[in-house]
Amino acid sequence: MSNKSDSAPSRLQVPSPQAVGSGLKSPGLLSPGGRGPPSALTTPSFFHTPPGNNRLPSSIPSKNPLALRLYKVLGANYSDASTREALETLSSFYAPGATASGSGAVESILGAPVVKEPDRLAGEEEEEEEEPTELWGTEYARKARRKQSEMEQPVDGELALRARKGLRRDIETKLAESSRKFLTAFAEVDKKLDILQVHVAEMQTRCDEAQSKLQATNESCKHLLERAEGLRVQRQATGARQSIITLFLSRFTLTEEETQAVASRDVPVGPQVFAAMDRIEKIRNDCRVLMSGEEGQTKAGLDIMSLTASLLDQAYQKLARWTAFEFRQMGKDASFDVAPVMQEAVLRLRQRPEHLHESLKILTEVRQTTLLASFMEALTRGGPGGLPRPIELHAHDPTRYVGDMLAWVHQTMAGEREYLESLFGIKGDNRMVGSVRQTRGTEEEEYVAKLMDGNLEKLCMPLRVRVLQTVKSQEGSITSYKIANLLQFYLLTVSRTVGEEALLSQTLKDITDAAYQVFFDTIDAQGRSLLRFLHPPDSDLSPPLALRDSSQVLREIMAVYDSSLLGDEDPTEREAAFAQILEAAVDPAMEMCKRMSELKDGMSSWDKAIFLINCTTYMQNMLQTYSFTSAHVTLLQKDVDRHVRTLVTEHSAYFLKESGLEPIVQAMDSKPIDTPLSRLPSASSQALTAALTQFDSFLSTLDPSSSPRLALLSVPRLASSIHTDALHQIGRVYGRICDQVRKPENKYEFAGTLLGSRRPFGDMRVLWQILGVDVEDGQY
């Protein structure tokens, strides 16, 4: 056969759904291995189709059913995915593994039994083959049985045949089996439903019986229920009245514990007592609101107000007794803290000033005694264990002795202030140490100020006696001023703390005034001693030793005063506060220098001026160190300027005489108006020539920077200034002479020749250069 004829049998191996459903019985048409004679349709010429043409030949007989079936099977399109999937699923229903070997029935994939019906061909083979006999031998019989079991295995064609024959039957059998299972299950359900219906009917009967009994009971208990309803309404009304009465009593009466807290001494003062007092106040406020209504003052309201007033008075008396006792106990200690209970008690007693004043009076008495004892102990015994040492051990050092006493008082005052502020609940204002305390003028501040004044009252007398004794025993002005300045500082500090009207402030003010009086008496005594022992100036005209000593004392006093300043004072106030001291110390010293300059016989005004300038500048330089002496420095500068002008005048006159220009100047000053200058003998041309020649020589020997006559001045700056001013005046005189010579009315012949014959040749610019003086153009 050709290749075209071989392709037809291979297509027939897979049966189509139409072939399976049609019930064809000829296996030869589907399987090339069938034993039946081949049909005309299975010949190669029948299945031959030209290449590229998938359609079957049109010469197939249209009335042959088998041919139409085959044509339909062969013409089916197996490339469709759904068709191929359906065929594969159907073929898996009758797979070889799904058959039962060695039995006459086969289980289909649907679970229904399939009766094995051997086909005709198999029957013919069984007829042809004979069962082997025992004569063939055991081996041959085993081989025969093996062959027979192999032949009994179904092949693809048999499976397809079985599928065509039993598919509908298998499906119907499976459906019938499933229906039987459903019927069995529903029969059981129906039986259970019958039982449930019986139970429901029984329950309905019982409910009807209960309903009838309940109706009968309601009818018989109707009167009882009405009575119970009436009693319930009465109970609600009674309960409402009871709750109102209970609420009224709880709002307007005290409990037994609250009454005991207020009236009993066994309950200590604390939160329980304060809570009871708050409760009483609330009751009284509510009662006032109640009596302000339309009904007015009722008997119950008046009774409540009377009872609560009595209880409140008992509570305040209890607080007063407790605070007085606590004040006596706390007064035994020099320092202590205030408990919150005490703060609350004092705060509440402020509502009863009479009770508070009695308690504070006791506190003041106890604190006075305690502070006085502590002060005397600090003076004589010192601190615990001897440290710090007793203050009176330093009595040999007046400044430290007074400073230690004032420091102890100030520390005690600060502690008292802190305690009283804590007692009255005054919060700190974040004030820096030493800064001014801002008083708010509140009631608490008034209490604190009054108590501070009373607590520190007994410290004033021993402090006054010891400080005044120390101050009056001093002879040195520096120590006296240190003590006075120390007292002034503590006076300012104490006044800012307890007020200027406090007894301690008044005591410190009296002591400070006394200390300053002693200091000024000492300064006056020193000034008088300066004027009492005078001697002529030294040959070098330097400041005298007495002036240097008094200036050193004044320098130390100024240092003490500067260290005592707080920094917030006004500059004018600082100068005014120290002006009296400067007058008392500086004026006698300057008067001493003036008198000393007049003691030396034959002392020229030049030497006097230099001596006074040296003394004044020495004092001035010493005062310029501090800013609060600026006013007095200005006064001293005026004296220096006056003496400097004297030196400039004398130095200019000296230069005028040495330069030879003095006769010319005198002639110009004394010349009659109508007389030419050249006609005067002292100003003639010959005299002028001689004067200019001498002036030329003077310029040759002149030192433009300094003069030996000014070497005794202690301030080189002033010497240079005086010398320069004198040179200025000499230059102006020469310029004046040149102007007079050039004037025609003075009738100088050859004026230019006269002036140009000697330096500076009548040129002022040349003269200024020689003198080393800077002068603007157009000025002499």
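Caption draft 1: Region of the structure containing the pattern of salt bridges. Applying the stated criterion across every chain yields a total of 22 salt bridges. Between Arg348 and Glu344 there is a salt bridge, with its nearest N and O atoms 2.9 Å apart. With Arg348 and Glu344 both in helix α12 (residues 340–349) and 4 residues apart, the pair spans about one turn of that helix. Take Glu344: its relative accessible area is 27%, and that puts it in the partly exposed class. Among the salt bridges present, the one from Glu443 reaches Arg350, with a minimum N-O distance of 3.4 Å. Note that Glu443 is positioned in helix α15 (residues 443–455) and Arg350 in the loop between α12 and α13 (353–380), a separation of 93 residues in sequence. Its relative accessible area of 38% is what places Glu443 among the partly exposed residues. A relative accessible area of 16% means that Arg350 is categorised as buried. Look at the salt bridges and you will find they share partners, linking Arg251, Lys282 and Asp286 into a network.

Caption draft 2: Examining a nonpolar patch on the surface more closely. A cluster of nonpolar residues, Phe182, Phe186, Val189, Leu193, Leu196 and Val200, forms a patch on the protein surface that exposes about 610 Å² of accessible area. Note on placement: Val189 falls in helix α8 (residues 156–252). The partly exposed category is assigned to Val189, whose relative accessible area is 43%.

Caption draft 3: Representation of the packing of helix α10 (residues 271–291) against helix α11 (residues 299–330) within the structure. Relative orientation of the contacting elements α10 and α11 amounts to 155 degrees, with a least axis distance of 10 Å. With respect to α11, the axis of α10 lies roughly antiparallel. As α10 packs across α11, the resulting crossing turns out to be left-handed. In this structure, α10 uses Val273, Phe274, Met277, Ile280, Glu281, Ile283, Arg284, Cys287, Arg288 and Met291 to contact α11, whose residues at the interface are Gly301, Leu302, Ile304, Met305, Thr308, Ala309, Leu311, Leu312, Ala315, Tyr316, Lys318 and Leu319. Classifying every residue of the contact of α10 with α11 by side-chain character gives 16 nonpolar, 2 polar and 4 charged.

Caption draft 4: How the structure looks around unusual backbone geometry. With an omega of 5 degrees, the peptide bond running from Arg759 to Pro760 counts as cis. With respect to the helices and strands, the residue Pro760 is situated in the loop between α26 (751–756) and α27 (764–771). The backbone of Lys747 shows a phi angle near 55 degrees, a positive value even though the residue is not glycine. For Lys747, the position within the fold is in the loop between α25 (716–742) and α26. Residue classification places Lys747 among the partly exposed residues on the basis of a relative accessible area of 49%. Non-glycine residue Phe761 carries a positive phi angle of around 65 degrees.

Cut-offs applied
- Residues numbered from 1 in each chain as written.
- Predicted model: local features only at pLDDT ≥ 70, side-chain atom pairs only at ≥ 80, totals over all residues.
- Heavy atoms only, no water.
- Salt bridge = Lys/Arg side-chain N within 4 Å of Asp/Glu carboxyl O.
- Helix = DSSP H or I, 4+ residues; strand = E, 2+ residues; numbered from the N terminus.
- Buried < 20%, exposed > 50% of the residue type's maximum accessible area, 1.4 Å probe, protein only.
- Patch = residues over 30% accessible without salt bridge, like charges linked within 9 Å, V, L, I, M, F, W, Y side chains within 5 Å.
- Areas by Shrake-Rupley, 256 points an atom, 1.4 Å probe, with all protein chains shown as cover.
- Axes fitted to C-alpha atoms, helices over the stretch in contact; angles between N-to-C directions.
- Parallel < 35°, antiparallel > 145°, perpendicular 65-115°, else oblique.
- Left-handed = near helix turned anticlockwise from the far one by under 90°.
- Contact = heavy atoms within 4.5 Å.
- Nonpolar A, V, L, I, M, F, W, Y, C, P; charged D, E, K, R; others polar.

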